[in-house]
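Here's the letter readout for the chains.
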Amino acid sequence: MFYQRFTSKLNAALITAGLLSFSASSQAKSISMDVFAIPSQPIVSLVKQTSDSLKKEGIHTFYEQGFAVHATLYLTDFPEGAEDAIKTAVKKIVAQQQAFPIKAQGFTVTPSNWAFINLELSTKLQRLADEVTLAIEPLRDQQADVPGWVSHYPNKLEAFKRYGSPNVFQNFQPHLTLLANEPSPKLANFNVKMKATPPVAEGQIIGLGIGITDEFGQQKEVIARYFFN
């Protein structure tokens, strides 16, 4: 009798452990992915020129490291295997779009030493970002953790809870990232120089791309590029 009760309990424990193991292994992994706007050559050239100037100060940018020049439209975590659905959604948007003007102007350094070239927020760029967000948001990982810094900004926290990204719709601030958490003290002096003679270039947004990103939102792997007609 004792043996039967012991065996029954052991079997139940093994079954439970097996179910938990299956549940854990069956959960899809999350991948950080970015749907981004592709700028035309004059904008890319401006990033290169600014990057070259920073290199003279001993500061090495994402551009110098070979990362794609891009303007993030929608960046969040997606379940592993969502790539095909994202590509389909993005291709539908691209098929209805044409290239439109964009202006890069100004240089920004944040308190945590991220450095950007600013993009002018045009109506067309805002609409494109909104359209991408609405199309891609249903595909995101609904269980993704809220980034710690977002909790300090109520409007960004609400955007993250609803759309999976803190920087969409009214929080959208287009830019081209050059540096993240730069330790060099020379960046402050470089920023002063750039304020005196801000970088500027006029070009176009010519397409959309999809990339798997690192912790700084840079494309460690671009998996698709689609260009407007």
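Residues numbered from 1 in each chain as written. Predicted model: local features only at pLDDT ≥ 70, side-chain atom pairs only at ≥ 80, totals over all residues. Heavy atoms only, no water.

A. Broad picture of the packing of aromatic side chains. Summed over the entire model, instances satisfying the criterion amount to 8 aromatic pairs. When the centroid spacing of 6.3 Å and the interplanar angle of 70° are considered together, the rings of Tyr74 and Phe78 count as edge-to-face. Its relative accessible area of 0% is what places Tyr74 among the buried residues. Under the relative-accessibility criterion, Phe78 is labelled buried at 1%. Relative to Phe116, the ring of Trp114 has its centre 6.4 Å away and its plane inclined at 35°; by these criteria the two rings are tilted. According to the relative accessible area criterion, Phe116 is buried, its value standing at 13%. Taken together, the aromatic side chains of Phe62, Phe67, Trp114, Phe116 and Phe216 make up a single cluster linked through ring pairs. (Phe/Tyr/Trp six-rings, centres within 6.5 Å; stacked < 30°, edge-to-face > 60°. Buried < 20%, exposed > 50% of the residue type's maximum accessible area, 1.4 Å probe, protein only.)

B. Main features of helix H3 (residues 83-95). The end-to-end C-alpha distance of H3 is 18 Å, a good match for the 18 Å that 13 residues give at a rise of 1.5 Å each. For H3, every residue scored as buried is listed here: Glu83, Ile86, Ala89, Val90, Ile93 and Val94. Taken down its axis, H3 places every buried residue within 140° of arc, on the same side. H3 presents Asp84, Lys92 and Ala95 as exposed residues on the side facing more than 90 degrees away from its buried surface. In the core, the buried residues of H3 are packed alongside strand S1 (30-39), strand S2 (71-79), helix H4 (123-136), strand S6 (200-213) and strand S7 (219-227). (Helix = DSSP H or I, 4+ residues; strand = E, 2+ residues; numbered from the N terminus. Expected span 1.5 Å × (residues − 1). Arc of directions from axis to C-beta. Contact = heavy atoms within 4.5 Å.)

C. Geometry of the nonpolar core. Counting 51 residues, the largest nonpolar core has Leu73, Ile86, Val90, Leu128, Val132, Ile136 and Leu208 as the members making the most contacts within it. Each residue touching Leu73, except ones within four places of it in the same chain, is listed here: Asp34, Val35, Phe36, Ala37, Leu125, Leu128, Ala129, Val132, Thr133, Val168, Phe172 and Leu208. (Core = buried A, V, L, I, M, F, W, Y, C linked by side-chain atoms within 4.5 Å.)

D. Focus on the packing of H3 against H4. Where H3 contacts H4, the two axes come as close as 10 Å, and the packing angle between them is 145°. Every pair of crossing elements has a handedness; the one defined by H3 and H4 is right-handed. Residues Ile86, Ala89, Val90 and Ile93 of H3 pack against Leu128, Glu131, Val132, Ala135 and Ile136 of H4. Here the residues of the contact of H3 with H4 are counted per class, giving 8 nonpolar, no polar and 1 charged. (Axes fitted to C-alpha atoms, helices over the stretch in contact; angles between N-to-C directions. Left-handed = near helix turned anticlockwise from the far one by under 90°. Nonpolar A, V, L, I, M, F, W, Y, C, P; charged D, E, K, R; others polar.)

E. Looking closely at the side chain of Ser165. Relative to the helices and strands, Ser165 is located in the loop between helix H5 (154-163) and strand S5 (175-179). Ser165 gets classed as buried once you look at its relative accessible area, which sits at 5%. Here Ser165 is in contact with Tyr74, Leu75, Ala159 and Phe160, once residues within four sequence places are set aside.

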